[in-house]
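# Overview (structure and organization)
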Number of protein chains: 6
Amino acid sequence: MNELLQKPRKVYVSRTIEFNAAHRLFNPIWSDVENVGVYGKCSNKYGHGHNYLLEITICGVVDRNTGFLFDLKELKGILEEEITARFDHRHLNHDVPELQDCVPTTEVLAVLIWDILEKRLLAINNREITLHEVKLYETGKNAVRYLGE
Amino acid sequence: MNELLQKPRKVYVSRTIEFNAAHRLFNPIWSDVENVGVYGKCSNKYGHGHNYLLEITICGVVDRNTGFLFDLKELKGILEEEITARFDHRHLNHDVPELQDCVPTTEVLAVLIWDILEKRLLAINNREITLHEVKLYETGKNAVRYLGE
Amino acid sequence: MNELLQKPRKVYVSRTIEFNAAHRLFNPIWSDVENVGVYGKCSNKYGHGHNYLLEITICGVVDRNTGFLFDLKELKGILEEEITARFDHRHLNHDVPELQDCVPTTEVLAVLIWDILEKRLLAINNREITLHEVKLYETGKNAVRYLGE
Amino acid sequence: MNELLQKPRKVYVSRTIEFNAAHRLFNPIWSDVENVGVYGKCSNKYGHGHNYLLEITICGVVDRNTGFLFDLKELKGILEEEITARFDHRHLNHDVPELQDCVPTTEVLAVLIWDILEKRLLAINNREITLHEVKLYETGKNAVRYLGE
Amino acid sequence: MNELLQKPRKVYVSRTIEFNAAHRLFNPIWSDVENVGVYGKCSNKYGHGHNYLLEITICGVVDRNTGFLFDLKELKGILEEEITARFDHRHLNHDVPELQDCVPTTEVLAVLIWDILEKRLLAINNREITLHEVKLYETGKNAVRYLGE
Amino acid sequence: MNELLQKPRKVYVSRTIEFNAAHRLFNPIWSDVENVGVYGKCSNKYGHGHNYLLEITICGVVDRNTGFLFDLKELKGILEEEITARFDHRHLNHDVPELQDCVPTTEVLAVLIWDILEKRLLAINNREITLHEVKLYETGKNAVRYLGE
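These numbers were taken from a predicted model, which means no experiment stands behind them.

Regarding its fold elements, chain A presents 4 helices and 5 strands. When its helices and strands are written in sequence order, chain A yields β-α-β-α-β-α-α-β-β. Expressed along its principal axes, the backbone C-alpha trace of chain A runs to roughly 65 × 25 × 25 Å. Counting every position in chain A, which comprises 149 residues, the buried fraction comes to 58%. Of the accessible surface of chain A, which amounts to about 6,000 Å², a share of 50% is contributed by carbon and sulfur atoms. Charged side chains in chain A number 18 positive and 22 negative. The centres of these two groups are separated by 5 Å.

Below, the structure written as structure tokens:
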């Protein structure tokens, strides 16, 4: 089976999920006025929110038996446990321990998601599958990509 | 000019804007447990958030001189003053006085936006232009339409 | 609570889901040549497929206590049982008993979905909630709406 | 065949196409200054342009033999002849005779498309199929609907 | 002409097309139970289907006379012949000879499309244009990229 | 603050804007017939138009104090001045001096936008922020990326 996979084929597989969260951009080392200067209305006291769209990309060689890079059901389970359970319907400043000492910008959130998923994939990995990219859209107009560099 | 407008033509013009807000579904007449029963994770204490997409539709007869139903620059100004300034980058439960005695569901928010815009359009209206529909998307999957009924 | 709901407000609530199915347009009362004449490549023997996008709209008066038209968790459960379990990852000609005597065009499928959901909503309904519209996108370019007329 | 169509079912079928055109909003009965006052940068001398998205909706009773409202191949041919050939890759002010005495706003264009398609459908119509709606998006944010009223 | 192209400019040009196909994930070296274990409902007997979205990216230096990387009309013709004619409105397991010894996962399909287009582009190529990437979306949530590695 | 930024994190931040412009593909060194041969209907005399979608990507190390790569308000201002003011609601062949000696293909336009933004970012840059990619969509189906190579 899978004649096309006689030679190794390195592919990039992306999975997109959404989570709905509130956040406030505020750095406690600065005064309120300084925070408004840096973050504008994003520093409003009670926060605002977004439908975050997260695209995870993993890469590696396609398995010759399954024709898959990775079992999508397993990937969905991982994203459910690590991302949805942690961030969905949360206020990022109050409800996410990993962000306690951070300003939850899209950049910082993308980096955190990378760190969480890289560790998790390493733990379960018995093949040559690696996390390639985390792309996080805050809105349809703004996105941050992090590749572990 | 505008031969095609020799007879009256009734059109529906839609304008879509986005605002980013946090909210919490919580009714103080109920206990926390009852609120979780009704609203689930939407009742989490600090709230969560959305990129709300709002489509406003007005209707009336096209003006024979301009070929417009309504001056789009004026409509943009109205939406900026009435919607963006009121809801964007806000926590709906804390920052919007009109919602103080309400649970800010998408249904309630659509009704409030109708009431605000209908009053405003009546105040400025010197022609037969009426608010036809408020459509509010909480996510790409959920939307509420209100037509003033 | 919910000052805005002192007077009854009739809203339309839409929920969108996706299902992935195969189908073949073929009417056994006609010859193969006649079927190709009517359905073209849509009558290819083994079928082809689509990511069907289904938008269900229900309408009624907003509940003054919850601020909801209908419990979204309950609606999601109904759609899971009635639509996803029946159509998702199925070949419509082979796997759906209700379509055995039908050519599974988008029109026919929209009508069937209406009949299924209308019956289900009537069975559970203890308030004035009615099915308003079934809108089914076969592709981003083609859609059929059915309103029970 | 088509058990579900034993009773008449009235459906609304939509087809979406795109055309790319230039236009200038300018009314020759006014001075340049007056035109800028009404149309702003939309009155710039050489025009600007859009990827217009056009959604045509027809309605009627589903045919019991085919399961179709209307042959989609025929509808595609009509839209190709009447819309694409007339508007695509054109400058609406210079290249479209029907718009010579009009300011080509989205409102006017939607009305013209209605008039063209209604006449064409009447000419070919041997069943109870009617044009229901023309919806024209100038951008993702602005749209005009015309229903022949 | 084309002052900006006095120095060579390497660009990446993408073209997106859609095809509608059915497929079944099933490996005949395994039992039905094993197939369900690996592929779940994707191994249902008669298959299901998708609106596949395919984004092809080619790269090379912009031509100083035309301002194009490649004649888009020619690229459209190639994609029509090699992709649409082969996959659109087909059942991938039954109708595509190149997939006879394969499980038609998105990964395998992306690899096949690369092999087909790379060979075709080499055959016609008289300039330094190379296939850069094949990106295939099975749904809006799942995509596979292959870059020939 | 910003524990996650103790080590340098290189991110890619994208911002998407839209501008509406007309253009004509025509090279004066060729006859009209030759232009039609190369550009087809894109060489129609008065031009046509598009809703251009432009995605700008910058990259660099996240600032440990702000959690930002770059102040988004500042980036928005730059894009307003350099892109919107120059291209929006313009006819690219007539209104943009930088394109006077060019055929305004999407390729050429992407290269010009790169040159403009690279110069501007160098002028204001006091940190290690670089322009990474210009991606310009002429329609939803056609896009050009330029990375400064």
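The structure having been displayed, the exposition proceeds.
Residue and element names in this part refer to chain D. Of the strand pairs in this sheet, strand β2 (residues 48–61) and strand β4 (residues 130–137) are connected by 7 bridges, and their pairing is antiparallel. Across the sheet, residue L54 finds its bridge partner in β4, namely L136. Where β4 and strand β5 (residues 142–146) come together, 4 bridges link them in antiparallel fashion. Paired with L136 across the bridge in β5 is V144. The turn joining β4 and β5, which pair antiparallel and follow one another in sequence, is formed by 4 residues.

The next point concerns the pattern of salt bridges. Applying the stated rule across the entire model yields 50 salt bridges over all chains. For the salt bridge of R120(D) with E82(D), the shortest nitrogen-to-oxygen distance reads 2.7 Å. Here R120(D) is found in helix α4 (residues 106–124), whereas its partner E82(D) is found in helix α2 (residues 72–87), with 38 residues between them in sequence. Residue classification places E82(D) among the buried positions, given a relative accessible area of 14%. Residues participating in the shared-partner salt-bridge network are E81(A), E82(A), R86(A), E98(A) and R120(A).

Taken as rigid bodies, chain C and chain B are interconverted by a rotation of 120° and an axial shift of 0.0 Å, the fit giving an RMSD of 0.0 Å. Such values leave the two copies arranged in the relation of a three-fold axis. When C-alpha distances to the rotation axis are compared across chain C, the minimum falls at G140(C), with a value of 8.5 Å.

This part covers the packing of aromatic side chains. Under the criterion given, the structure shown has 30 aromatic pairs over all chains. With centroids separated by 6.2 Å and ring planes inclined at 40°, the aromatic side chains of W30(B) and Y39(B) adopt a geometry described as tilted. In this structure, W30(B) and Y39(B) share a single accessibility class: buried. Of note, R145(A) hangs over the ring of Y12(F), and the distance from its end group to the ring centre comes to 4.9 Å. The ring of F26(B) has R24(B) lying over it, and the distance from NZ or CZ to the ring centre is 4.0 Å.

Interfaces are often sized by the amount of accessible area the parts lose when they come together. The partner chain B presents 31 residues to the 25 residues of chain C that form the contact. Between chain C and chain B, roughly 2,300 Å² of surface is buried when both sides are summed, and carbon and sulfur atoms account for 54% of that area. Across the contact surface, chain C and chain B share 2 salt bridges. K135(B) is the partner of E55(C) in a salt bridge, and the nearest nitrogen-oxygen pair spans 4.0 Å. Where chain C touches chain B, the interface holds 14 residue pairs in polar contact (both at pLDDT 80 or more). Elements with a contribution of two residues or more to the side of chain C that touches chain B: β1 (10–23), β2 (48–61) and α2 (72–87) of chain C. Counting residues per element, the side of chain C that touches chain B draws most heavily on β1(C), which supplies 7 residues. With 5 bridges joining them, strand β5 (residues 142–146) of chain B and β1(C) adopt antiparallel strand pairing. Pairing of Y146(B) across the sheet is with V11(C), part of β1(C).

Time to look at the environment of H23(C). All names here are of chain C. Residue placement: H23 occurs in strand β1. Judged by its relative accessible area of 1%, H23 is buried. Linking H23 and E128, residues 105 residues apart in sequence, is a C-alpha distance of 36 Å. At a separation of 2.9 Å, a polar atom in the side chain of H23 contacts the main-chain carbonyl oxygen of P104.

Residues and elements named next belong to chain A. Along the chain, V96 turns up in the loop between α3 (92–95) and α4 (106–124). Linking V96 and E74, residues 22 residues apart in sequence, is a C-alpha distance of 24 Å. Filtering out sequence-adjacent residues up to four positions away, V96 remains in contact with R86, F87 and H91.

The next thing to look at is the pairing of β2(D). Residues in a regular strand point their side chains to alternate faces of the sheet. Residues and elements named next belong to chain D. Along β2, 12 of the 14 residues are buried, which leaves the element largely enclosed by surrounding structure. Bridge analysis of strand β1 (residues 10–23) against β2 gives 14 bridges, and the strand direction is antiparallel. Bridging across to β2, S14 finds its partner in T57.

Residue and element names in this part refer to chain A. If you check helix α2 (residues 72–87), its first and last C-alpha atoms are 21 Å apart, about what 16 residues at 1.5 Å a residue would give, namely 22 Å. Remark: the principal bend of α2, roughly 35°, maps to E80. Of the residues making up α2, those classed as buried are L75, I78, L79, E82, I83, T84 and F87. Where the residues of α2 are buried, they touch β1 (10–23), β2 (48–61), β3 (90–91), α3 and α4. The backbone nitrogen of K73 has a side-chain oxygen 3.0 Å away, supplied by the residue at the start of α2, namely D71. Remark: H89 follows α2 within two positions and exhibits a positive phi of approximately 60°.

Rules and cut-offs
Residues numbered from 1 in each chain as written. Chains lettered and ligands numbered in written order. Predicted model: local features only at pLDDT ≥ 70, side-chain atom pairs only at ≥ 80, totals over all residues. Heavy atoms only, no water. Helix = DSSP H or I, 4+ residues; strand = E, 2+ residues; numbered from the N terminus. Buried < 20%, exposed > 50% of the residue type's maximum accessible area, 1.4 Å probe, protein only. Areas by Shrake-Rupley, 256 points an atom, 1.4 Å probe, with all protein chains shown as cover. Lys, Arg positive; Asp, Glu negative; His and termini not counted. Charge placed at Lys NZ, Arg CZ, Asp CG, Glu CD. Pairing = 2+ DSSP bridges. Salt bridge = Lys/Arg side-chain N within 4 Å of Asp/Glu carboxyl O. Least-squares fit on C-alpha atoms with pLDDT ≥ 70 in both. Phe/Tyr/Trp six-rings, centres within 6.5 Å; stacked < 30°, edge-to-face > 60°. Lys NZ or Arg CZ within 6 Å of the ring centre and 35° of its normal. Contact = heavy atoms within 4.5 Å. Buried area = accessible area lost by both parts, 1.4 Å probe. Polar contact = N/O pair within 3.5 Å; in protein donor to acceptor, adjacent residues only side chain to side chain. Expected span 1.5 Å × (residues − 1). Bend = angle between axes of the 7 residues up to and from the residue.

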